[in-house]
Amino acid sequence: MRPADYRTPAIGSDSLAHQARLLEVWATAPGLKGFFSSVDHKQIGIRYIVTAFLFLALGGIEALVMRLQLAGPNLSLLTPEQYNQLFSTHGMTMIFLYASPILSGFSNYLWPLLLGSRDMAFPRLNALSYWIYAAAGIFLYAGFLTGNGPNDGWFNYVPYASRDYNPGLNEDFYSLGMVFLGISTTVGAANFIVTALRTRAPGMSINRLPIMVWGTLTASAANLVVVPAVSLAFLLLWMDRQFGTHFFDPGGGGQPLLWQHLFWIFGHPWVYAIVLPAMGMVSDGLPVFCRRPLVGYAAVALSTVATMILGFGVWVHHMFATGLPGLALSFFSAASIAITLPSAVAVFAWLATIWLGRPVITTALLFFASTILLFVIGGVSGFMTASVPVDWQLTDTYFVVAHLHYVLIGINVFPVVGAAYFWIPKMTGRMLDERLGRWNFWTMFVGFNLAFLPMHVTGLLGMPRRVYTYAQGMGWDTLNLITSIGSFVFAVGVLLFFVNVWKSLRSVANAGPNPWDAPTLEWAVSSPPPPYNFAVIPTVVSRHPLWENRLDEEGAVSSIERGMLLDKGKETVGTTALDAVPDMVLEMPEDSFAPVLLALGAAALFVGLLLKAWLVAGGGTGLVALAILIWLWPRRELREREAGS
Amino acid sequence: MSETALAQPEKLPVGPIGRHGIGYWGVGTLVASEAALFAYLLFAYFYTGAAAQPGWLLEPAPPLKLALPNTILLLASSLVAWVGERGVLDRRRWQALLGFGGAAIMGTGFVVVQWFEWKAKAYGLGTSSYASLYFVTTGFHIAHVIVGIGVLVAIFAWTALDYFSPRRRLTVSAGVLYWHFVDLVWLFVFATYYVTPYLGFGR
Amino acid sequence: MSLAPLGYLDAAGRRAHSILPLTWFTLSVATAVCIVIAALLWIAVRRAPKNGGALETRSVPVERGSNGINWITVGLLISCVPLLVTLVWTMAALAAVSGPPSHPGLTLDVTAHQWWWEVRYDATNPSETFATANEIHIPVGVPVLVRLHGGDVIHSFWVPKLSGKTDAIPGQTNLSWMQADQPGRYRGQCSEYCGFQHANMAFEVVAESQADFASWRAAEVQPAPDPITPAQARGQALVQYRCGLCHQVRGTGAGAISAPDLTHLMSRRTLAAGRLLNNPGSLIGWIQDPQGIKPGTQMPNQYLSAQQLSDVQAYLVLLR
Ligand code: HEA
Ligand code: HEA
Ligand code: CUA
Ligand SMILES: [Cu+2]
């Protein structure tokens with residue numbers, strides 16, 4: 001029988017029979033088969049989160065080893081080469097394998113729930129982006145574990161990264177690994193963009209999006225256009241190293257500074273990409289514990305976008321000392337000073353939300369609130385480096401190391417741990433222990449500040465970054481010791497977090513759908529949510545569907561209990577980009593092995609390139625092509641081809 | 001008491017109809033990302049060229065004998081692919097097959113001509129930064145053309161299997177969109193490497 | 001030297017001086033912003049127990065609360081004041097210090113190598129041109145122009161008390177300048193990561209009176225003194241054919257320039273780019289085992305016998 005091209009979706013209420021029908025089409029197969037083929041955003045999201053936390057632990061342990069070496073002057077726990085690989089791998093791990101994927105993980109898990117949808121726009125692409133992330137992470141760490149880790153810092157300046165000065169495989173691992181990882185980020189970004197624009201619940205117009213969605217959407221839009229810059233740079237570097245091209249080699253008319261431009265054109269927008277979603281977590285989580293809506297929703301949403309737009313125009317502030325002409329310096333300096341304003345909007349909005357609300361002290365609130373302070377401390381040191389003449393002294397000292405840890409840990413790690421306290425009950429149905437949570441928070445907070453606040457002074461006293469040791473009598477000894485001690489305290493705090501999660505996983509599931517009495521859609525479904533998320537597609541008329549009865553919204557209220565049933569297959573609804581008016585029924589793909597196959601092929605390709613084993617590379621390419629063909633083969637169930645044929 | 005707002009949709013298309021479908025958006029984002037990639041490649045060219053010593057351009061007057069006709073060939077193939085798409089729209093399968101097949105063959109022709117163009121160069125990949133940029137940028141583009149040909153061949157085969165109809169043809173439109181993109185990008189590459197030297201850049 | 005030889009919160013030269021007030025200003029603004037925000041946050045969160053000390057989130061009712069947009073407007077307006085001041089001041093300071101002086105009192109060519117600094121003093125008369133390493137002498141009170149070259153990878157030239165950083169990049173020449181107000185020794189440090197021994201890539205700037213500078217310069221131009229004792233003569237021979245592959249000792253057969261010029265080695269205070277204090281003892285230690293003292297350095301171990309070592313030492317200590 002020919003399925004209809006057009007249909008009026010039936011409206012109805014939830015029922016057990018309906019749920020059973022949905023479960024049948026949406027549930028992932030058990031066992032390994034399901035593991036490798038699942039396209040469920042919740043499973044993928046959790047995998048992302050677990051993997052990213054694993055990398056946080058790895059990168060953290062690397063940092064702790066570094067801190068042992070730096071605890072006093074002239075220590076010789078590590079050789080220079082070991083130290084160099086450690087700090088480079090630490091930077092790479094934290095920035096690329098932790099900070100960004102952890103946010104992708106949360107967004108992956110939460111988005112369809114926040115948006116009132118049943119999955120991401122491209123579920124298979126979602127699976128692919130995870131598999132490639134995992135494979136690229138393994139690829140990069142294979143280098144490190146065989147003594148071939150990156151050794152030129154995370155931003156990997158040439159010519160030191162070129163073969164003349166760096167003959168080992170280190171930089172080949174790093175270059176190819178980064179190109180590989182870039183694929184994951186790019187497809188992930190594409191998926192987020194289309195998901196946010198096309199798969200929201202009816203009525204969730206663009207001015208009702210949760211701020212976290214704004215954050216990830218903005219970050220994804222940026223990633224989509226800036227990740228190619230760094231992928232390209234790394235590919236060109238690899239060609240310079242292996243095929244004798246001269247992109248960066250001054251001997252052959254190349255430009256070492258071209259690397260820096262390509263890297264930072266990517267790098268600066270990227271650092272915002274790894275905080276805007278986390279800032280969104282604060283904007284969405286904090287108000288729940290202040291028992292009121294966020295102050296200045298529109299201003300915060302706009303400032304998210306504004307940060308990114310300005311963020312495209314400040315990359316040269318990482319290159320103030322490279323001898324660029326004064327005019328360029330002035331422009332980028334001014335832009336970097338101006339970029340503090342959109343950030344200030346968020347800070348004041350959060351402050352006002354606490355101030356004008358009725359804060360309830362929970363662990364999550366403590367993490368979210370401390371984010372504000374840490375962000376400001378990190379932000380104002382950025383403001384100092386934004387002034388060119390000041391930066392000529394500050395750059396490449398521990399002052400910058402302090403800046404980057406305050407912003408990265410302050411507005412990535414802290415909000416993420418807060419988000420974990422907030423959302424893990426949703427993911428597992430189990431609460432985290434609040435008492436242990438307090439210990440967790442205070443050890444992290446005290447440890448972090450103990451480690452990194454004195455680091456500003458170390459920097460002002462002139463300690464250069466990336467030194468494997470330092471002499472006595474430079475005035476840095478005590479400060480470094482304090483930093484090392486603080487690092488370990490902080491690490492204990494992180495450990496307490498892991499312990500708390502582990503304990504909670506062994507407790508009974510009693511969180512209920514909405515333990516915090518929070519306002520957004522994810523709290524309308526059970527914890528953990530069923531594979532299909534929403535039994536009926538909700539209709540939304542405000543930013544706080546679950547608070548409407550108390551906030552006395554004008555006019556209509558959102559409909560959560562009744563809505564489109566969409567149970568004729570694996571279906572959800574597609575809506576228009578701005579107003580979220582339903583405009584199509586989306587047929588969602590079944591679980592599929594194509595993504596994991598594609599990732600395997602790509603992994604073989606990159607291993608082949610690394611070892612110059614062309615047969616392996618060719619085989620990998622073949623596998624990739626095959627996987628794509630399977631993937632894109634027009635399918636009747638997805639209505640990609642005419643039913644009759 | 002306020003009443004419950006419930007979306008009461010009209011008849012909705014089920015799955016992608018025409019171009020209307022999220023797959024088209026997906027290809028759109030892909031194209032945006034790829035466009036950025038080429039923008040950075042061209043940026044690398046202009047950046048390196050602007051700072052270079054005189055004599056950096058290995059060919060201050062790039063020969064257009066092959067390149068210009070080849071450019072026209074590629075642009076024309078875009079038109080042919082479009083005719084193919086129209087064929088699907090108008091339910092003229094032969095026209096569709098001719099369009100996609102023709103575009104694929106023209107694309108292949110482009111690749112072959114480009115190969116001769118490369119062989120005719122007096123310099124190689126490792127001669128200088130100019131040479132590296134030239135070969136890698138055109139090489140990137142050729143790689144995209146080859147992928148594009150693959151897409152056209154797939155669409156050709158699927159059309160031959162009679163998969164598509166004016167309604168169910170998102171795959172076709174998305175594939176052809178990609179082909180247009182590949183052709184359009186060449187215009188920028190061509191303008192950069194073959195035209196700007198005549199306008200004085202890098203001399 | 002002060003307690004923090006690389007600290008830049010005390011300046012000793014015109015260029016560093018004109019930046020310092022701006023540094024202090026931004027630092028004060030930064031500190032003030034942190035204190036204000038911390039105080040606001042503290043008070044805001046401390047109000048929580050007044051909700052009845054609720055632990056259960058859901059037991060506190062939800063309210064729309066006041067709009068609060070004023071917080072953002074006022075906050076932004078207040079922030080704009082220091083931001084604007086900083087912006088204008090930055091531009092002014094940039095104009096004041098960025099351009100190299102048009103009439104420098106001295107011009108130097110500094111080439112950064114993995115992991116040492118080559119310093120060339122050019123003169124119109126070629127016989128007065130000479131090179132030295134890791135120690136830069138300048139006269140006080142005059143601006144000194146430094147032309148920076150990258151010998152291999154990117155390094156960065158930095159003398160905190162005199163001037164901020166400028167990168168030394170292969171394939172291009174960057175300009176930096178400095179001016180010392182007081183005679184003294186100012187420590188410098190490579191501040192762009194450049195490989196194994198980035199940590200030990202220091203140098204010193206010796207600022208001295210015009211007269212002292214002139215006599216130093218006159219001494220440096222001289223070729224190396226001739227050996228006197230037989231041990232010194234044997235040492236010189238060894239240096240010529242073992243060390244001359246890389247080093248130069250002007251006036252002898254050792255004429256390579258891929259390593260520090262040793263002609264007046266003993267006039268310098270440190271060895272191996274600040275790694276060691278220079279004295280006959282540490283000199284021996286260095287020649288015996290450079291890889292142990294500075295792992296990865298471009299100078300290979302020389303495996304000299306005890307006799308050869310003492311001959312080389314005898315000769316080298318002559319090079320004042
Ligand atoms: C995680 C993300 C993140 C974020 C959000 C920021 C935010 C900012 N950063 Fe940072 N930055 C990094 C990550 C980040 N940075 C990293 C990783 C590096 C080092 C890379 C490397 O070399 O390894 C770096 C390095 C770096 C440099 C180069 C330093 C150097 O190498 O010499 C500069 C220079 O301008 C800079 C500037 C800024 C500015 C102006 C902001 C602003 O966006 C901050 C704005 C926020 C505030 C200012 C606080 C809130 C505002 C108020 C409360 C209003 C009142 C404030 C004032 C009046 C000042 N950053
Ligand atoms: C998100 C990013 C992030 C994070 C979280 C961190 C975390 C830490 N960082 Fe890092 N850091 C960077 C990003 C980050 N860093 C970057 C980008 C650079 C620049 C690199 C470069 O120059 O190229 C850098 C550089 C850098 C340096 C400068 C190196 C140098 O210039 O020579 C130092 C030195 O102290 C340092 C220290 C630390 C410390 C002590 C932590 C601590 O927070 C670590 C705390 C410890 C843990 C989080 C581990 C906890 C886990 C356990 C206790 C085990 C549990 C085990 C299981 C569950 C199995 N970092
Ligand atoms: Cu030279 Cu760092
Ligand atoms: Cu930046």
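Rules and cut-offs
Residues numbered from 1 in each chain as written. Chains lettered and ligands numbered in written order. Predicted model: local features only at pLDDT ≥ 70, side-chain atom pairs only at ≥ 80, totals over all residues. Heavy atoms only, no water. Helix = DSSP H or I, 4+ residues; strand = E, 2+ residues; numbered from the N terminus. Rg over C-alpha atoms; globule rule 2.2 N^0.38 Å. Buried < 20%, exposed > 50% of the residue type's maximum accessible area, 1.4 Å probe, protein only. Contact = heavy atoms within 4.5 Å. Areas by Shrake-Rupley, 256 points an atom, 1.4 Å probe, with all protein chains shown as cover. Lys, Arg positive; Asp, Glu negative; His and termini not counted. Charge placed at Lys NZ, Arg CZ, Asp CG, Glu CD. Near = heavy atom within 4 Å. Polar contact = N/O pair within 3.5 Å; in protein donor to acceptor, adjacent residues only side chain to side chain. Nonpolar A, V, L, I, M, F, W, Y, C, P; charged D, E, K, R; others polar. Buried area = accessible area lost by both parts, 1.4 Å probe. Salt bridge = Lys/Arg side-chain N within 4 Å of Asp/Glu carboxyl O. Axes fitted to C-alpha atoms, helices over the stretch in contact; angles between N-to-C directions. Parallel < 35°, antiparallel > 145°, perpendicular 65-115°, else oblique. Pairing = 2+ DSSP bridges. Donors = N, O, S within 2.8 Å, 3.2 Å for Na, K, Ca; no water. Domains from an automatic or database assignment. 1 Å grid on protein atoms, 1.4 Å probe; cavity = no way out; pocket = protein on both sides within 12 Å on 5 of 7 lines; lining within 4 Å. Points joined across faces, edges and corners; volume = space filled by probe spheres on them. Tetrahedral: all angles 85-135°; square planar, octahedral: opposite > 155°, others 65-115°. Phe/Tyr/Trp six-rings, centres within 6.5 Å; stacked < 30°, edge-to-face > 60°. Lys NZ or Arg CZ within 6 Å of the ring centre and 35° of its normal.

Asker: Would you mind showing me how to read the overall build of chain B here?
Answerer: When helices and strands are tallied, chain B shows five helices and one strand. In chain B, the succession of helices and strands from N to C terminus is β-α-α-α-α-α. In summary, chain B has a C-alpha radius of gyration of 21 Å against a globular reference of 17 Å for 203 residues, an excess of more than 25%. Based on the C-alpha atoms only, the size of chain B along its principal axes is roughly 75 × 55 × 25 Å.

Asker: In this structure, what is going on with the overall build of chain A? I would like to understand it.
Answerer: Check the secondary structure of chain A and you find 20 helices and six strands. For chain A, whose C-alpha radius of gyration is 25 Å, the value lies close to the compact-globule estimate of 26 Å for 645 residues. Viewed in the frame of its principal axes, chain A has a C-alpha envelope of about 75 × 60 × 50 Å. For chain A, the proportion of its 645 residues judged to be buried stands at 71%. Within chain A, contacts between residues separated by at least 24 positions form 80% of all contacts whose residues are at least 6 apart in sequence. As displayed, chain A has an accessible area near 19,000 Å², and 70% of this comes from carbon and sulfur atoms. Of the charged side chains in chain A, 35 are positive and 36 negative; the average position of the first set lies 6 Å away from that of the second.

Asker: Looking at this model, I keep getting lost on the site of ligand 2. Mind explaining?
Answerer: All names here are of chain A. If you check the shell around ligand 2, you find 30 residues, and the closest are Arg67, Tyr83, His90, His405 and Arg466. One of the side-chain nitrogen or oxygen atoms of Tyr83 is found 2.5 Å away from an oxygen atom of ligand 2. His405 places a polar side-chain atom, nitrogen or oxygen, 2.7 Å from a nitrogen atom of ligand 2. At seven residues, helix H15 (residues 398-428) tops the list of elements feeding residues into the shell around ligand 2. Residues that form the shell around ligand 2 fall into these classes: 21 nonpolar, six polar and three charged.

Asker: What exactly am I supposed to notice about the interface of chain A and chain B here?
Answerer: Quite often, the size of an interface is put as the accessible area lost when its parts meet. Facing the 68 residues of chain A at the interface are 53 residues of chain B. When the two sides are added together, the surface that chain A and chain B hide from each other amounts to roughly 5,200 Å², 70% of it contributed by carbon and sulfur. When the shortest N-O distance is used, the salt bridge between A:Asp5 and B:Arg167 registers 2.7 Å. Across the contact surface, chain A and chain B share 20 residue pairs in polar contact (both at pLDDT 80 or more). Broken down by element, the residue count for the side of chain A that touches chain B peaks at 10 residues, all from helix H7 (residues 211-243) of chain A.

Asker: Looking at this structure, how should I read the site of ligand 1?
Answerer: A:Tyr272, A:Asp391, A:Thr395, A:His403 and A:Arg465 are the nearest of the 33 residues found near ligand 1. Near ligand 1, the surrounding residues belong to chains A and C. Between ligand 1 and A:Asp391 there is a distance of 2.6 Å, counted from an oxygen atom to a side-chain nitrogen or oxygen. A:Arg465 places a polar side-chain atom, nitrogen or oxygen, 2.8 Å from an oxygen atom of ligand 1. Those elements that place two or more of their residues in the shell around ligand 1 are helix H8 (256-273), helix H12 (340-356), helix H13 (363-385) and H15 of chain A together with helix H2 (69-97) of chain C. When the residues that make up the shell around ligand 1 are grouped by side-chain class, the tally is 20 nonpolar, 11 polar and two charged.

Asker: Looking at this structure, I do not really get the interface of chain C and chain A. What am I missing?
Answerer: Counting from both sides, the interface comprises 87 residues of chain C and, opposite them, 94 residues of chain A. Summing both sides of the interface, chain C and chain A together bury roughly 7,700 Å²; the carbon and sulfur share of this comes to 69%. Of all residues in chain C, C:Val62, C:Trp71 and C:Tyr193 bury the most surface against chain A, accounting for 10% of the area lost on that side. Across the chain C-chain A interface, the total number found is one salt bridge. A salt bridge links C:Glu63 to A:Arg358; the shortest N-O distance between them is 2.9 Å. For the side of chain C that touches chain A, the elements supplying multiple residues, two or more each, are helix H1 (14-46), H2, strand S7 (163-168) and strand S9 (184-189) of chain C. Looking at the side of chain C that touches chain A residue by residue, the classes come out as 49 nonpolar, 27 polar and 11 charged.

Asker: Mind showing me how you'd approach the packing of H13(A) against H1(C) here?
Answerer: The description of two helices packed together rests on the angle between their axes and the distance between the axes. Contact geometry for H13(A) and H1(C): axes closest at 9 Å, N-to-C directions at 170 degrees. Considered as vectors, H13(A) and H1(C) are oriented roughly antiparallel to each other. Contact with H13(A), carried on its side by A:Ala369, A:Ile372, A:Leu373, A:Val376, A:Ile377, A:Val380, A:Phe383 and A:Met384, involves C:Thr23, C:Thr26, C:Leu27, C:Val29, C:Ala30, C:Val33, C:Cys34, C:Ile37, C:Ala38, C:Leu41 and C:Val45 of H1(C) and no other residues of that element. A breakdown of the residues in the contact of H13(A) with H1(C) according to their chemical character gives 17 nonpolar, two polar and no charged.

Asker: What is the right way to read the sheet that holds strand S2 (residues 116-121) of chain C from this model?
Answerer: Note: strands within a sheet are paired through backbone hydrogen bonds, in either parallel or antiparallel orientation. All names here are of chain C. Pairing within the open sheet is mixed, and its five strands lie in the order S3-S2-S1-S5-S8. The strands lining the two open edges of the sheet, one partner per strand, are strand S3 (130-133) and strand S8 (174-178). Going from strand to strand, the sheet's axes swing by 30 degrees on average, the running direction of each strand aside. Alignment of strand S1 (residues 106-113) against S2, held across six bridges, turns out to be antiparallel. Paired with Thr111 across the bridge in S2 is Glu118.

Asker: What is the right way to read the coordination of the iron atom of ligand 1 from this model?
Answerer: Ideal geometry at a metal centre: 109.5 degrees between donors when four sit tetrahedrally, and 90 or 180 degrees when six sit octahedrally. Residues and elements named next belong to chain A. In this structure the iron atom of ligand 1 is ligated by exactly one protein donor, His403 (NE2), at 2.1 Å. Separating the iron atom of ligand 1 from the copper ion (ligand 4) is a gap of 4.4 Å. Along the polypeptide, His403 turns up in helix H15.

Asker: I tried to follow the domain arrangement of chain A on my own but got confused; where do I start?
Answerer: Residues and elements named next belong to chain A. Split by domain assignment, chain A resolves into domain 1 (31-317 + 337-505) and domain 2 (594-638). On a C-alpha basis, the centroid separation for the pair domain 1 and domain 2 is 29 Å. Taken together, both faces of the contact between domain 1 and domain 2 bury some 1,500 Å²; the carbon and sulfur share is 83%. Linking domain 1 with domain 2 are zero salt bridges. Where domain 1 meets domain 2, there are two residue pairs in polar contact (both at pLDDT 80 or more). For the side of domain 1 that touches domain 2, the secondary-structure elements that each account for two or more residues are helix H5 (123-145), helix H6 (170-198) and H7. Broken down by element, the side of domain 1 that touches domain 2 gets its largest block of residues, eight residues, from H5.

Asker: What is the right way to read the side chain of A:Asp396 from this model?
Answerer: As for its position among the elements, A:Asp396 is in the loop between helix H14 (388-394) and H15. Excluding its chain neighbours within four sequence positions, the residues that come into contact with A:Asp396 are A:Pro464, A:Arg465, C:Lys165, C:Ser191 and C:Glu192.

Asker: Quick question: what am I supposed to make of empty space enclosed by the protein here?
Answerer: One water molecule sets the probe size; rolling that probe over the atoms shows where empty space is left. Residue and element names in this part refer to chain A. For the coordinates displayed, the defined rule picks out seven cavities of 30 Å³ or more. A volume near 340 Å³ is recorded for the largest cavity. Taken together, 30 residues make up the lining of the largest cavity; nearest its centre are Ser100, Ser104, Thr185, Asn223 and Trp270. Counting only elements with at least two residues in the lining of the largest cavity, the list comes to helix H4 (80-115), H5, H6, H7 and H8. The element that contributes the greatest number of residues to the lining of the largest cavity is H6, accounting for eight residues. Partitioned by chemical class, the residues of the lining of the largest cavity number 17 nonpolar, 13 polar and no charged.

Asker: Help me understand the coordination of the iron atom of ligand 2, please; the structure alone is not making it clear to me.
Answerer: Residue and element names in this part refer to chain A. Note on the iron atom of ligand 2: its protein donors are His90 (NE2) and His405 (NE2). The metal-donor distances range over 1.9 to 2.0 Å. Around the iron atom of ligand 2, the six donor atoms are arranged such that angles at the metal cover 87 to 178 degrees; this shape is classified as octahedral. Within this pair, whereas His90 is found in helix H4, its partner His405 is found in helix H15, the two being separated by 315 residues in sequence. Both residues of the pair, His90 and His405, count as buried.

Asker: Looking at this model, I keep getting lost on the packing of aromatic side chains. Mind explaining?
Answerer: The geometry of an aromatic ring pair comes down to the distance between the two centres and the angle between the two planes. Scanning the model with the defined rule gives 96 aromatic pairs over all chains in all. Centre to centre, the rings of A:Tyr130 and A:Tyr133 are 6.0 Å apart; their planes meet at 80 degrees, and the pair counts as edge-to-face. A residue pair is termed a helical-turn pair when its members lie 3 or 4 positions apart in one helix, as A:Tyr130 and A:Tyr133 do in helix H5 at three residues. Residue A:Tyr130 is classed as buried on the basis of its relative accessible area, which comes to 9%. Relative to A:Trp264, the ring of A:Phe155 has its centre 5.1 Å away and its plane inclined at 55 degrees; by these criteria the two rings are tilted. Remark: A:Trp264 occurs in helix H8 and A:Phe155 occurs in the loop between H5 and H6; sequence separation between them is 109 residues. In terms of burial, A:Phe155 and A:Trp264 fall into one category: buried. The cationic tip of A:Lys612 hangs over the ring face of A:Phe243; the distance from NZ or CZ to the ring centre is 5.2 Å. One Lys or Arg, A:Arg641, reaches over the ring of B:Tyr163 and ends 3.9 Å from the middle of that ring.

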